[in-house]
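# Notes for the structure review
For reference, the chains in residue letters:
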Amino acid sequence: MTIKPTCKAGVYLAVSVQALSLVAQTEVKPPRESWAAEARPVALGRTPGQVTLFDEDDILRSGARTLGAFLLRELPGQVQSQGGAGLASPIYLGGSRPQDTLILVDGMPLMDPGRLGQDLSEVPLLGVTRIEVITGSPGSGPSGQGGTIALFTGRPLKPGASGDLGGLGGNNGQGQSTVTPGFAWEGGYLRGGNQSAQEKQTLPTDRPYRQVTNFFGLGQTWGPAVLSLAWRGSYFGVPQPYQNNSDSTRTYNPARESSQRSDSGQLRLDWNLGPTLNVETILGMARFRHEEPKVGSALPTPFEGRQTRFQSVLHLVTGPRSGLSLRLEGQDTRQDGDVNPAVLGAVKGTQAAFGLDWHFEARPGLRLLGQARGTRDRQSLVLGGTDREVLSASGHSLRLGFNQELGAGLRLYGAGSVGRTAPQLLEQLRNGSVAGAAPLRMEQTTTLQLGLGWGQGNWYGRLESQQQTGKDLIAPSGTSFANRDQVRARGTDAALGWRTAKKLGVEAFLRAQEARDMNAPEGQQYRTLAAQRRPFSAHGLKGFMGWSQVQAELHYTQQGRQYSTYGEGTPAAATGLPPTVRPTRVVYRNIGTSTLVQVGRHWTFILRGENLLQPRTDPTQWANRLREGQDDAFVIDGYPAATPTYSVEARFRF
């Protein structure tokens, strides 16, 4: 007997519902449903939103070590990278800000308080077997109005010992080893893994990019309850040779680099109390330790952030066509220091939250969804041993959506949401070092989303538009932050594809997006930091062809012109003014390819080529701006794009 899934909670609950029983001796293909769009699993065609799924094969073929490298390829125009291994990769999902996208790992929010939005280059993919990208869905945390990216880790799929051994080599000094052993028994599993990798930076540096990631997972079923424990730890050493990168000065320092160490873990209990009642409870902790040089400096500054979080969700089936989930959450967050050594002290934040999710099928084909969440936030600065409160306020997020099946494979969906969220801790910490800086207020956002999905036979398509407007949004104001921006972000996404299982397929997409600062004078609304780095258009084409033991893929993408600063700009501390934002007049195109070859039952070989259109450059050319204004030389102006890489990877599965 196979236990029916009871909630979305990712690998640990997924293990309990299908893998932990271990009755089936063969791998079960995951259903085409989302585990993160709603409180309970839901079919992709029934939720009021766009959900893009990537499975373990997609991640394996890409060869990406981090979430940033993976989504830079899959979501061009919405992920921006400074170019080069490990350099910052913020996301602008649907045209929103990086801090408006929530990152989940097995249902638990991941938030580094030392960043204004999670840097995707600091999120490793070792052990991750499923990625969901969801637009316009308020998540469980202080962000999420722009969307949610949910990662789920894997588990053994058969009784006894199993695992994966891999090695990779290529040009640009690429080297990588991966080992992910596991053991499963009736009702439980044990799994771990290690990945060690290195690669030369885009321009010559004293040391290469280094990454070491480890993870551990344990799960056990006792009757109707499932207890699981997980831990992940990572180290990144990232060359950052662009010491000064402004309009007036460029300084190249091959010894300059940053490093980050992170540890995160969670303890989870899922308990079926009856056929209509289920409780999931999670306790999670994370710590982020950075050593990073500020703009213009060669020496790194140490700073640290940590978070403890508790969440418990009660799922109740209220009828044959309806369900209700009640959520209770609490978190305690602290940030000590900043990349700027002049910013002293620490900042603390606590949040208590209560929410509910409700869904109801009003009639066959029409499904309604409601989500509500209320928070109580307190933030304080710790300076000279004194704890001073800087914010005590209530926040909320509300969302109503619908999904209507129209027949002939069509569905129409839409949603509207409003949110009132607290400032980022990093913004409060930096303001605390500026005398006379005005207190920061809560931000307010409104999001509207409308989409049309279609699937008929081997054909499928989508058209979705999203708009987010904000009031009292926080943005740089000289050397501090202030509530002053009213920003409108828009994004429209269209795709058309045809596929026959994994044998043959092609997909084309077109994306248009913008962010406009409505407080700026006419003609200057794209020339502020609140509006930069959203290419006005991006498009691409992806095709694949498979045979009995071979699958080949080719993808092409192009990002259009945008407004942005050149590099990191002149530090505000030196001028009292933010960097200059101006239009770029170049486009960025990319071609990549991968071929997967299965040899026997155990061996897999993957040949890859990435960044095939990018020109090579050197420190002298960079310092003298010889490639300035050339197509394909930069994703973000001032930072050379990653150069062509070729690699071959061998995997042995047992």
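For the structure given in this document, a descriptive report is provided here. The shown structure was predicted, so the numbers you read here are calculated from the model rather than taken from an experiment. (Residues numbered from 1 in each chain as written. Predicted model: local features only at pLDDT ≥ 70, side-chain atom pairs only at ≥ 80, totals over all residues. Heavy atoms only, no water.)

### Regarding the pairing of strand E25 (residues 443-456)
- For strand E24 (residues 410-421) and E25, the ladder comprises twelve bridges, and the chain directions are antiparallel. Across the sheet, the residue bridging to Ala 415 is Gln 449, located in E25.
- By the bridge criterion, 13 bridges tie E25 to strand E26 (residues 459-471) in an arrangement that is antiparallel. Among the inter-strand pairings, Gly 453 is bridged to a residue of E26, identified as Arg 462.
- If you look at the hairpin formed by E25 and E26, you'll find two residues sitting between the two strands, and Gly 457 has a positive phi there, around 65°. (Pairing = 2+ DSSP bridges. Helix = DSSP H or I, 4+ residues; strand = E, 2+ residues; numbered from the N terminus.)

### Here's the deal with the packing of aromatic side chains
- Per the stated rule, a full pass over the model turns up 15 aromatic pairs.
- Geometrically, the ring pair formed by Tyr 526 and Tyr 563 is stacked, given 5.4 Å between the ring centres and 25° between the ring planes. With Tyr 526 in the loop between strand E30 (504-517) and strand E31 (537-546) and Tyr 563 in strand E33 (residues 563-564), this pair connects stretches of sequence that are 37 residues apart. Across the pair, exposure class does not vary: Tyr 526 and Tyr 563 are buried alike. (Phe/Tyr/Trp six-rings, centres within 6.5 Å; stacked < 30°, edge-to-face > 60°. Buried < 20%, exposed > 50% of the residue type's maximum accessible area, 1.4 Å probe, protein only.)

### Details of unusual backbone geometry
- Here Asp 106, not a glycine, exhibits a phi torsion of approximately 50°, which is positive.
- Structurally, Asp 106 is set in the loop between strand E4 (101-105) and strand E5 (108-110).
- We note that Arg 533 has phi near 65°; this positive angle belongs to a residue other than glycine.
- Its location among the elements puts Arg 533 in the loop between E30 and E31.

### So, the sheet that holds E5
- Spatially, the five strands line up as an open sheet ordered E3-E6-E7-E4-E5, and their pairing is mixed. Across the chains shown, the open sheet's two edge strands, defined by having one partner strand only, are strand E3 (51-55) and E5. Taking the axes of each pair of neighbouring strands and ignoring which way they run, one obtains an average angle of 25° across the sheet. (Axes fitted to C-alpha atoms, helices over the stretch in contact; angles between N-to-C directions.)

### Brief notes about the pairing of strand E35 (residues 588-599)
- Across ten bridges, the pairing between strand E32 (residues 550-559) and E35 is antiparallel. What sits directly across from Tyr 556, in E35, is Ile 591.
- Relative to strand E36 (residues 603-610), E35 runs antiparallel, the two being bridged by seven bridges. Across the sheet, Thr 595 pairs through a bridge with Leu 607, a residue of E36.
- The turn linking E35 back onto E36 is made up of three residues, and Gly 600 within it adopts a positive phi angle of 70°.

### With respect to the pattern of salt bridges
- One pass over the structure, following the stated rule, counts 42 salt bridges.
- A salt bridge links Arg 73 to Glu 610; its shortest N-O distance comes to 3.3 Å. Of this pair, Arg 73 sits in helix H3 (residues 67-74) while Glu 610 sits in strand E36, placing them 537 residues apart in sequence.
- Look at Arg 73 and you get buried, because its relative accessible area is 13%.
- The salt bridge involving Arg 516 is made with Glu 514; its shortest N-O contact spans 3.7 Å.
- By relative accessible area, Arg 516 is classed as buried at 19%. (Salt bridge = Lys/Arg side-chain N within 4 Å of Asp/Glu carboxyl O.)

### Describing empty space enclosed by the protein
- If you walk through the whole model with that rule in mind, you get 13 cavities of 30 Å³ or more.
- There is about 470 Å³ of room inside the largest cavity. (1 Å grid on protein atoms, 1.4 Å probe; cavity = no way out; pocket = protein on both sides within 12 Å on 5 of 7 lines; lining within 4 Å. Points joined across faces, edges and corners; volume = space filled by probe spheres on them.)

### Observations regarding the side chain of Gln 449
- Relative to the helices and strands, Gln 449 is located in strand E25.
- Looking at Gln 449, its side chain comes within polar contact range of the side chain of Thr 135, at 3.1 Å.
- Among the polar contacts made by the side chain of Gln 449, one reaches the side chain of Glu 464 at a distance of 2.8 Å.
- Dropping the residues within four chain positions of it, Gln 449 is found in contact with Pro 48, Gly 49, Gln 50, Thr 135, Gly 136, Arg 399, Tyr 413, Gly 414, Ala 415, Glu 464, Ser 465 and Gln 466. (Polar contact = N/O pair within 3.5 Å; in protein donor to acceptor, adjacent residues only side chain to side chain. Contact = heavy atoms within 4.5 Å.)

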